[in-house]
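One-letter residues, chain by chain:
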Amino acid sequence: MPRRAARAALPLPDLVVLVLQGGGALGAFQAGVYEALIDLGIELDWVAGISIGAVNAAIIAGNERDQAVGKMREFWEGVSSALPELPAVDNDLFREWTHWAAAGQVAAFGVPGFFTPRWPPPAFAERQTPAAVSFYDTAPLIETLGRLVDWDRVNHGKVRLSVGAVEVETGNFRYFDTKSDTLDARHILASGALPPGLPPVEIDGKWYWDGGLVSNTPLEHVVEAAKDDMLVFQVDLFPARGERPHDMEEAWSREKDIRFSSRTRRISDGLVRRRKEHALIDRMLDRLPPEFADLAEVKAVRRIVDCKALNVVQLIHQPPAWQTGARDFEFSRTTMEVNWALGRAAVEAAMKDGHLLAESIAEGRSDSFAVQSGDLRPKAGS
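Conventions used here
- Residues numbered from 1 in each chain as written.
- Predicted model: local features only at pLDDT ≥ 70, side-chain atom pairs only at ≥ 80, totals over all residues.
- Heavy atoms only, no water.
- Helix = DSSP H or I, 4+ residues; strand = E, 2+ residues; numbered from the N terminus.
- Buried < 20%, exposed > 50% of the residue type's maximum accessible area, 1.4 Å probe, protein only.
- Contact = heavy atoms within 4.5 Å.
- Areas by Shrake-Rupley, 256 points an atom, 1.4 Å probe, with all protein chains shown as cover.
- Pairing = 2+ DSSP bridges.
- Salt bridge = Lys/Arg side-chain N within 4 Å of Asp/Glu carboxyl O.
- Phe/Tyr/Trp six-rings, centres within 6.5 Å; stacked < 30°, edge-to-face > 60°.
- Lys NZ or Arg CZ within 6 Å of the ring centre and 35° of its normal.
- Right-handed = clockwise from strand over helix to strand, strands pointing away.
- Axes fitted to C-alpha atoms, helices over the stretch in contact; angles between N-to-C directions.
- Parallel < 35°, antiparallel > 145°, perpendicular 65-115°, else oblique.
- Left-handed = near helix turned anticlockwise from the far one by under 90°.
- Patch = residues over 30% accessible without salt bridge, like charges linked within 9 Å, V, L, I, M, F, W, Y side chains within 5 Å.
- Core = buried A, V, L, I, M, F, W, Y, C linked by side-chain atoms within 4.5 Å.
- 1 Å grid on protein atoms, 1.4 Å probe; cavity = no way out; pocket = protein on both sides within 12 Å on 5 of 7 lines; lining within 4 Å.
- Points joined across faces, edges and corners; volume = space filled by probe spheres on them.
- Nonpolar A, V, L, I, M, F, W, Y, C, P; charged D, E, K, R; others polar.

J.: Explain the overall build of the protein here, please?
T.: Within the protein, the regular secondary structure consists of 12 helices and 14 strands. Across the 382 residues of the protein, 52% fall into the buried class. Put simply, 73% of the contacts in the protein that link residues at least 6 apart link residues at least 24 apart. When the accessible surface of the protein is summed, it comes to about 18,000 Å², and 54% of that surface belongs to carbon and sulfur atoms.

Below, the structure is given as structure tokens:
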């Protein structure tokens, strides 16, 4: 029987997952999404993240549900504390100027509780050390995570945690998962170690960089590892669609959106295509004569194509006009609050048409839904 959320009027499957993409300062949007889901009474079973998504995911998995939002607020207010809250001026040009100024301050002085500039600079450090291959030191983030995350709860609590990173020397992508691994702050730092800004992290004799170098969304890992009917809230920080740029700054911003969203879209499209193929094979197997049903090969194929119901609610950050290509490293308090509010609004817009999602789950269909700009609809071809 599907369980029911405390205040959300929709049935939930056995497995509810939150998938968090990488995107630096845009992670405040994810915090707003999580807060809105908690307000709806939606319980999470699994949270998977990459880069800043791994930080948010660790805070979620490492705290009781009702305390996690407060811990996330503490994190985001902390990392934005060095930059003053700017007046709310209804002028995109003014806001863009202050946005650039805040991003420049981060580049020069780092982010409190997150990373600080290296001194002396990398050129003066011993070769092949973390200090020689990165401009910033992430030691402050270790202390921050130690204060905000209960690692015993992470590894033994009821919310499963997965974070992705890439091995520097082989280029192999790996997920660290509490179902099979014991996670600590190193794994979170590794998932967000974006070069050349942040240093690689050593884990068990291997060095890791930001998982976003290979894949910026953990959706594929979640789908392949799941064994139950599943509802996934996928939070994307870079929109696939956008206008043709007018100038160099907009070209930089649009390039970044395409670069990160295209990987997500490729994974999503591949999953949809694979599920359609499996459904076709399953129907073909049903037409086989009864005497073939017990063949080892037929049983093996049936196990491969045994797809559980999958529903994906895609919540996409749509940046205001004044947010530039620097928006993923602009940590001002004003922008953080804007992104947080946008995350809440995305969930609220999705839930206005939540009956469509509820119907799909109740019927056990393998549908995939997208939520973008408040519009809940089946993806093309689903």
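On we go.
J.: Just checking my understanding: could you explain the pairing of strand β10 (residues 206-210) for this structure?
T.: Working note: regular strand, side chains alternate between the two faces of the sheet. Note that strand β7 (residues 160-167) and β10 share three bridges and pair antiparallel. Following the sheet pairing, E167 is matched in β10 by Y208. Strand direction decides the pairing type here: strand β9 (residues 201-203) and β10, joined by three bridges, are antiparallel. The partner of V201 across the bridge, within β10, is Y208. Hairpin connection, β9 to β10: the antiparallel pair is bridged by two residues, and D204 has positive phi, about 55 degrees.

J.: What should I look at first to understand the pattern of salt bridges in this one?
T.: Between side chains of opposite charge, a pair can form as their charged atoms come close. The full count for this structure, using the stated rule, is 19 salt bridges. E43 is the partner of K158 in a salt bridge, and the nearest nitrogen-oxygen pair spans 3.9 Å. Of the two residues, K158 is situated in the loop between α6 (151-156) and β7 and E43 in the loop between α1 (27-39) and β4 (46-49); the sequence distance between them amounts to 115 residues. According to the relative accessible area criterion, K158 is exposed, its value standing at 66%. Of the residues examined, E43 reaches a relative accessible area of 29% and is grouped as partly exposed.

J.: Got a minute to help me understand the packing of aromatic side chains in this structure?
T.: The geometry of two aromatic rings is summed up by the distance between their centres and the angle between their planes. Per the counting criterion, the structure on display carries 10 aromatic pairs. Ring geometry for W76 against F331: centres 6.3 Å apart, planes inclined by 15 degrees, an arrangement best described as stacked. You can see W76 sitting in helix α3 (residues 65-79) and its partner F331 sitting in the loop between β12 (310-316) and α11 (333-352), a full 255 residues away along the chain. Both rings, one in F115 and one in Y136, keep their centres 4.9 Å apart while their planes meet at 65 degrees; by these two values the pair is edge-to-face. With F115 in the loop between α4 (92-109) and β5 (116-117) and Y136 in strand β6 (residues 136-137), this residue pair connects regions lying 21 residues apart in the sequence. The exposure class of F115 is buried, given its relative accessible area of 10%. One residue, R73, lies across the ring of W340, its end atom 4.0 Å from the ring centre. Positioned above the aromatic ring of W46 is the side chain of R160, whose terminal nitrogen or guanidinium carbon lies 3.8 Å from the ring centre.

J.: Would you mind going over the pairing of β4 with me for this structure?
T.: Of the two faces of β4, the one lined by W46 and A48 and the one lined by V47 and G49 are each fully buried. Note: strand β3 (residues 15-20) against β4, four bridges, orientation parallel. From the neighbouring strand, L18 faces β4, where its bridge partner is V47. You can see the chain leave β3, run along α1 and come back into β4, and the turn it takes is right-handed. Where β4 meets β7, four bridges bridge the pair, whose relative direction is parallel. Of the residues in β7, the one forming a bridge with A48 is S162.

J.: For this particular structure, what's the right way to read the packing of helix α2 (residues 52-61) against α3?
T.: A packed helix pair is summarised by two numbers, namely the angle formed by the two axes and the spacing between the axes. Viewed as axis vectors pointing N to C, α2 and α3 meet at an angle of 140 degrees, and their least axial separation amounts to 8 Å. The angle between the axes of α2 and α3 places the two elements in the oblique class. For the element pair α2 and α3, the recorded crossing hand is right-handed. Touching I52, V55, N56, I59 and I60 of α2 are A68, K71, M72, F75 and W76, all from α3.

J.: What exactly am I supposed to notice about a nonpolar patch on the surface here?
T.: A cluster of nonpolar side chains, contributed by L93, F94 and W97, occupies part of the molecular surface with about 320 Å² of accessible area. One can find F94 in helix α4. Judged by relative accessible area, which is 30%, F94 ranks as partly exposed.

J.: Could you clarify how one ought to interpret the nonpolar core in this entry?
T.: One broad trend across soluble globular proteins is that nonpolar side chains are buried collectively. In this structure, L18, F75, W76 and F233 are the most contacted members of the largest nonpolar core, which totals 72 residues. For L18, the contacting residues outside a window of four places in its chain are V33, Y34, L37, L44, W46, V47, A48, I60, F233 and V235. In this structure, V19, V222, V223 and L310 belong to the second largest nonpolar core, which totals 15 residues.

J.: Even after reading the chapter, I still don't get the environment of Y34, so can you show me in this structure?
T.: Along the chain, the position of Y34 falls in helix α1. Look at Y34 and you get buried, because its relative accessible area is 2%. Sequence-wise, Y34 and M72 are 38 residues apart; in three dimensions their C-alpha atoms are separated by 9.4 Å. Not counting chain neighbours up to four residues away, the residues in contact with Y34 comprise L18, L44, I60, R65, A68, V69 and M72.

J.: Would you mind showing me how to read empty space enclosed by the protein here?
T.: Summary: where empty space remains is shown by rolling a probe the size of a single water molecule over the atoms. Taken as a whole and judged by the stated rule, the model has two cavities of 30 Å³ or more. The space that makes up the second largest cavity amounts to roughly 30 Å³. Lining of the second largest cavity is provided by A25, W76, V79, S80, E330, F331, S332, T335 and M336. Elements with a minimum of two residues in the lining of the second largest cavity: α3 and α11. The residue makeup of the lining of the second largest cavity, split by class, is five nonpolar, three polar and one charged.

Such coordinate-based values are descriptive only and should not be taken to indicate function.
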